[in-house]
Amino acid sequence: MKTRLTEMLGIDAPIICGGMMRVGTAELAAAASNAGALGVMTALTLPTPALLEAEIEKCKSLTDRPFAVNLTVGVVSTKINYDDYVDVICKSGVKVVETAGRSPEPFMEAFNAHEIKVIHKCVAVRHALKAERLGVAAVSIDGFECAGHPGEEDVTCLVLIPAAAKKLTVPVIASGGFADGRGLAAALALGAEGINMGTRFMVTQEAPIHEGIKQKIVEMDETQTSLIFRSFRNTARVYKNSVAEQVVEIEKAGGDFGQVHELVSGKNQDVAWTTGNIDAGMVTVGMCGGLIDDIPTCAELVDTIVSDAEQIIQERLYGITNAA
Ligand SMILES: Cc1cc2nc3c(=O)[nH]c(=O)nc-3n(C[C@H](O)[C@H](O)[C@H](O)COP(=O)(O)O)c2cc1C
């Protein structure tokens, strides 16, 4: 499959494994890249810039294919010194960065000076247009279905992706709700040049999380996510577990972030990721968990998605339009 995205990045499949806090390690990114997609390591998973430098070196040793680093600004903590992370990324030789959270504006000069292509991930067409004006190479648009932060406007990909594709000149990557070949074929039909997936890559052999969590996602259906932090205007889509239910109740009663802080802490999330106890903390998952029913390797996943999408386009869609 060739799209403007595969051509621009030098990858085989129009698929990106999106940045994932605590999940986007060198091993997962390299496995996604070796499978022909674009693997993305998540900078803030490493507590210091020096550790990020080492993780990027590890990723380079695991793949000779292109991979990217995700830099999420502002969502996790405002105490982070982003300039030091940007410095490490710029000096590392990485050629692609996925920015998210806030505008990439403060870092564009440094990335441009090092010829790093920026893919900015956002949740609204106006944010995508602003990023395009800043000179990003592509935009990923996260629809309401996505894991993590879908924004506050609740527009699903079925409308958001064509609305973005109509107005933007740079390639649009559809993100949120994509998990299989049907999704890839649909995204291409909507005007996207590829798909970005988080939840689906989390349920692969190489994802560095406990099998128990992967199994819970295999078992879940599409109704088993919750929106938390709505009242703080920092909405997050997570697995509907006892933690999410408690947070929603506290918010309904008018509670502030201080009252949910401990429940959603990184420490508790780590307990869930490492023990497989889905109720131990907040677990970021998207609606497409309902479409996932296996735990393949990244290579099996990417091959299946591409071949299923090709079959849908060539046989089903072509068959419908050429029906006698
Ligand atoms: C466990 C997990 C952690 C995530 N952490 C981040 C993050 O730190 N930064 C970011 O930009 N996106 C993050 N995301 C969002 C993904 O990169 C991607 O945009 C999203 O998962 C797409 O929706 P999908 O899950 O339906 O594929 C995360 C997603 C998951 C599942």
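Residues numbered from 1 in each chain as written. Predicted model: local features only at pLDDT ≥ 70, side-chain atom pairs only at ≥ 80, totals over all residues.

Trainee: Help me understand the overall build of the chain in this model?
Mentor: Scanning the chain from terminus to terminus reveals 14 helices and ten strands. Taken against the 2.2 N^0.38 rule, which gives 20 Å for 324 residues, the C-alpha radius of gyration of the chain at 19 Å falls within 12% of a compact globule. The principal-axis extent of the C-alpha atoms belonging to the chain is close to 60 × 50 × 35 Å. When burial is assessed residue by residue, the chain has 46% of its 324 residues classed as buried. Intrachain contacts of the chain at a sequence separation of at least 6 include 62% that bridge at least 24 residues. (Helix = DSSP H or I, 4+ residues; strand = E, 2+ residues; numbered from the N terminus. Rg over C-alpha atoms; globule rule 2.2 N^0.38 Å. Buried ≥ 20, exposed ≤ 12 C-beta atoms within 10 Å, placed from the backbone. Contact = placed C-beta atoms within 7 Å.)

Trainee: Which parts of the structure should I look at to understand the packing of helix 2 (residues 26-34) against helix 3 (residues 49-62)?
Mentor: A pair of packed helices can be characterised by two numbers: the angle between their axes and the separation between those axes. Taken N-terminus to C-terminus, the directions of helix 2 and helix 3 make an angle of 35°; their axes are 9 Å apart at the nearest point. You can see that helix 2 and helix 3 cross each other, and the crossing is right-handed. Residues A26, E27, A29 and A30 of helix 2 lie in contact with helix 3, whose contacting residues are E55, K58, C59 and L62. Taken together, the residues of the contact of helix 2 with helix 3 sort by class into five nonpolar, no polar and three charged. (Axes fitted to C-alpha atoms, helices over the stretch in contact; angles between N-to-C directions. Left-handed = near helix turned anticlockwise from the far one by under 90°. Nonpolar A, V, L, I, M, F, W, Y, C, P; charged D, E, K, R; others polar.)

Trainee: Looking at this structure, I do not really get the domain arrangement of the chain. What am I missing?
Mentor: Quite often, the size of an interface is put as the accessible area lost when its parts meet. Here the chain is partitioned into domain 1 (4-208) and domain 2 (211-288). Placing the centre of domain 1 and that of domain 2 at their C-alpha centroids yields a distance of 23 Å. Listed per partner, the contact involves 17 residues of domain 1 and 15 residues of domain 2. Partitioning the side of domain 1 that touches domain 2 into residue classes produces six nonpolar, seven polar and four charged. (Domains from an automatic or database assignment.)

Trainee: What am I meant to see in the environment of T274 here?
Mentor: Relative to the assigned elements, T274 resides in helix 13 (residues 266-275). Each C-alpha atom, one on T274 and one on N234, is 26 Å from the other, the two residues being 40 residues apart in sequence.

Trainee: What exactly am I supposed to notice about the environment of T304 here?
Mentor: Checked against the element boundaries, T304 lands in helix 14 (residues 298-321). Once the C-alpha coordinates of T304 and G181 are considered, the two residues, 123 residues apart in sequence, prove to be 7.1 Å apart.

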